[in-house]
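What follows is the residue order along each chain.
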Amino acid sequence: MVEEIREIGQRDELLANIRRLSRIVLDRLEDGSKEGTLDQAQIRLLGSIAMRSLGLWQDALSPRQKRGLRREVLALEERLPNQTVQKSVQG
């Protein structure tokens, strides 16, 4: 029970930090765009950081499986219908 409370507190702190990072990056991106002080590389970099922070936000809210595992599952799913079709043709 204590461990669950600790995990919830850590997740809330993580979400607050991600929110703060996102706000800073988006504010800099907006200000730089309005003032014309950012070049294209800086705009792409800040946009990329903003998108990554939003992805981290989503992961913190509902963690998803590792991408390698996802690829493995997709590969298995692709093979499964083929094996089923081959068995039905052979049977």
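Residues numbered from 1 in each chain as written. Predicted model: local features only at pLDDT ≥ 70, side-chain atom pairs only at ≥ 80, totals over all residues. Heavy atoms only, no water.

S.K.: Can you lay out the overall build of the chain for me, pointing to particular residues and giving the numbers?
M.R.: Looking only at helices and strands, the chain features three helices and zero strands. Reading the helices (α) and strands (β) of the chain from amino to carboxyl end gives α-α-α. Summing over all exposed atoms, the chain offers an accessible surface of approximately 8000 Å²; the carbon and sulfur share of this is 55%. (Helix = DSSP H or I, 4+ residues; strand = E, 2+ residues; numbered from the N terminus. Areas by Shrake-Rupley, 256 points an atom, 1.4 Å probe, with all protein chains shown as cover.)

S.K.: Explain the confidence of the model for the chain to me, using residue names and the numbers behind them.
M.R.: Mean pLDDT over the chain works out to 77, with 69% of the residues at or above the 70 mark. Taken element by element, the chain is modelled with least confidence in helix H3 (residues 67–90), mean pLDDT 58, and with most confidence in helix H2 (residues 40–61), mean pLDDT 87. When the criterion is pLDDT under 50, residues 83–91 qualifies, and its contacts beyond four places in sequence or with other chains add up to zero contacts. (pLDDT = per-residue confidence, 0-100. Contact = heavy atoms within 4.5 Å.)

S.K.: Account for H2, naming residues and giving values.
M.R.: End to end, H2 covers 32 Å across 22 residues, agreeing with the expected 32 Å (1.5 Å per residue, within 8%). When we look at burial in H2, the residues that qualify are Leu46, Ala50, Ser53, Gly55 and Ala60. One side-chain oxygen at the N-terminal end of H2 lies 3.2 Å from the backbone nitrogen of Ala41; it belongs to Asp39. (Expected span 1.5 Å × (residues − 1). Buried < 20%, exposed > 50% of the residue type's maximum accessible area, 1.4 Å probe, protein only. Polar contact = N/O pair within 3.5 Å; in protein donor to acceptor, adjacent residues only side chain to side chain.)

S.K.: Give a detailed account of the pattern of salt bridges, specifying residues and quantitative values.
M.R.: Scanning the model with the defined rule gives one salt bridge in all. For Glu30, the salt bridge is made with Lys34, and the minimal N-O distance between the two is 3.1 Å. With Glu30 and Lys34 both in helix H1 (residues 2–35), this residue pair falls four residues apart, about one helical turn. Exposure remark for Lys34: the relative accessible area of 65% places this residue in the exposed category. (Salt bridge = Lys/Arg side-chain N within 4 Å of Asp/Glu carboxyl O.)

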